Amino acid sequence: MDEPLSIVLFSGTDDKLQAAAVIAAGAAVLNRPVHILLQYWALDAFRADRIGSDHGLAPEAGAAGAAALAQAAADGKPHWSENLRQARELGGVEIHACALSMDLLHLQPSDLDPLVDGVQGITTFLAEAGDGQIVFI
Amino acid sequence: MDEPLSIVLFSGTDDKLQAAAVIAAGAAVLNRPVHILLQYWALDAFRADRIGSDHGLAPEAGAAGAAALAQAAADGKPHWSENLRQARELGGVEIHACALSMDLLHLQPSDLDPLVDGVQGITTFLAEAGDGQIVFI
Amino acid sequence: MDEPLSIVLFSGTDDKLQAAAVIAAGAAVLNRPVHILLQYWALDAFRADRIGSDHGLAPEAGAAGAAALAQAAADGKPHWSENLRQARELGGVEIHACALSMDLLHLQPSDLDPLVDGVQGITTFLAEAGDGQIVFI
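Read on for a plain summary of the structure. Sequence positions are assigned chain by chain, starting from 1 and proceeding in written order. Naming scheme: in the order in which they are written, chains are lettered from A and ligands are numbered from 1. Totals for whole chains, interfaces and linings use every residue, but because this is a predicted model, local features are given only for residues with pLDDT of at least 70 and side-chain atom pairs only at 80 or more, for both listing and counting.

### A look at the overall build of chain A
- Counting from the N terminus, the helices are the DSSP runs of H or I reaching at least four residues and the strands are the DSSP runs of E reaching at least two. Summing up its helical and strand segments, chain A has 6 helices and 5 strands in all.
- In sequence order, chain A lays out its α and β elements as β-α-β-α-α-α-β-α-β-α-β.
- In terms of principal-axis extent, the alpha carbons of chain A reach across some 40 × 35 × 25 Å.

Written out as structure tokens, the structure reads:
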């Protein structure tokens, strides 16, 4: 269990980002290293100027699902970015932007929220995953 | 191969639920323990009053994909919930509702189909995953 | 690290297919065997008569995301199918069609692009995954 839990975070909707944050936080509580690689729409969601914006939900959420999540936010449940910040404070959580997606979306490191530690290639990410689990979200 | 195959089941469309059921059944045939954690829209799909309802498909299914799946159902191909029931009869398949999602969707254990064994936190789920694979669907 | 990286490729949108191709190529660069099982809409995207067609994007891509990917294609960035072809040339990449999905979509092996090595059942796929990672995309 010294191997990291590696998460390829692709999806940019608030529900999947929250699911990823919960998994990362759970692994951090277990003292496991967590490596997150941001691709595509998840990377876009980590732009400093919009990380707190409404990023929508998976289509199957429907009106009832959207209302439930809006109520949770109104009740003060933390945003996924806040959950990730808390997970990072436990230590061992690294968040990198995928180099190819940075290029694709014409982003610079300065465009990203400080939660992001830097830019990484997929090969490095996979090599560092070792024998640990890799989860695609 | 004594480690479980762990599935975080997030998506609530019938095609992804069927894909999860097929993977769970395949692992059960191989005598592997299977641990499923239901989150968000997958959890909603396991509500006792709607598990057999139409839960829609991934957007890319399109009209042709929807017609193919409707034809399969008309031909008597089993529903994903039936596939999971059969996988459970092989033994080793556990299905838990994620505690955070239960809270988010204001669900009680009595709201859920009997396929669900109980409620579990993400940390327990990850700890029980051990070194086995974790698949997010 | 002699165990394969196994990818259950379910999604049929061009962004997720590209993400899968990038992960497969990265693992191939690391000399890891890569096993891909095509299900549902990903299998449909590998039909010989439409592999190069526009398969759409995840809903959260939005207009800005679609424009970024269209620009990348116009700039000559390779299609996901080309990335997979190059990964295969590195060796160790196998792509199979899921037998259940072939049946569901009424496809014959001759309907599929030559990138696909053949048809495989989920149990064989899971058995060959061994202790290696399994990623669902």
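### Here's the deal with the relation of the copies chain C and chain A
- Once turned by 120° and shifted 0.0 Å along the axis, chain C lies on chain A with an RMSD of 0.0 Å. The transformation relating the two chain copies, once decomposed into turn and shift, fits a three-fold axis.
- Here the contact rule is simple: place C-beta atoms from the backbone, and any two residues whose C-beta atoms are within 7 Å are in contact. An overlap of only 14% is found between the interface residues of chain C and their copies at the interface of chain A, pointing to separate contact surfaces. We place the copies in one frame by least squares, fitting the C-alpha atoms of every residue whose pLDDT is at least 70 in both.

### Description of the interface of chain C and chain A
- Residue-level contacts link 21 residues of chain C with 24 residues of chain A.
- Elements supplying a minimum of two residues to the side of chain C that touches chain A: helix 1 (14-29), helix 3 (62-74) and strand 5 (134-136) of chain C.
- Residue contributions to the side of chain C that touches chain A peak at 8 residues, all from helix 1 of chain C.
- Residue composition of the side of chain C that touches chain A, by class: 15 nonpolar, 3 polar and 3 charged. Gly falls in the polar group here, along with every residue not listed as nonpolar (Ala, Val, Leu, Ile, Met, Phe, Trp, Tyr, Cys, Pro) or charged (Asp, Glu, Lys, Arg).

### Overview of the sheet that holds strand 2 (residues 34-38) of chain B
Residues and elements named next belong to chain B.
- Think of it this way: DSSP has to see at least two bridges between two strands before they count as a pair. With parallel pairing, the 5 strands of this open sheet are ordered in space as 4-3-2-1-5. Either end of the sheet is taken by a strand with one partner, and the two such strands are strand 4 (118-120) and strand 5 (134-136). Within the sheet, the average angular offset between the axes of one strand and its neighbour, ignoring direction, is 30°.
- Relative to strand 4, strand 3 (residues 93-98) runs parallel, the two being bridged by 3 bridges. For helices, the axis comes from a line fit to the C-alpha atoms of the stretch in contact; other axes are also lines fit to C-alpha atoms, and the angle between any two N-to-C directions lies between 0 and 180 degrees.

### Examining the sheet that holds strand 3 (residues 93-98) of chain C
Residues and elements named next belong to chain C.
- Across the sheet, which stays open at both edges, the 5 strands sit in the order 4-3-2-1-5 with parallel pairing between neighbours. Only two strands of the sheet have a single partner each, and these edge strands are strand 4 (118-120) and strand 5. On average, each strand axis in the sheet is tilted by 30° relative to the strand beside it, whichever way the strands run.
- Across the sheet, helix 1 is in contact with strand 1 (5-9), strand 2 (34-38), strand 3 and strand 5; its angle to strand 1 comes to roughly 165°.

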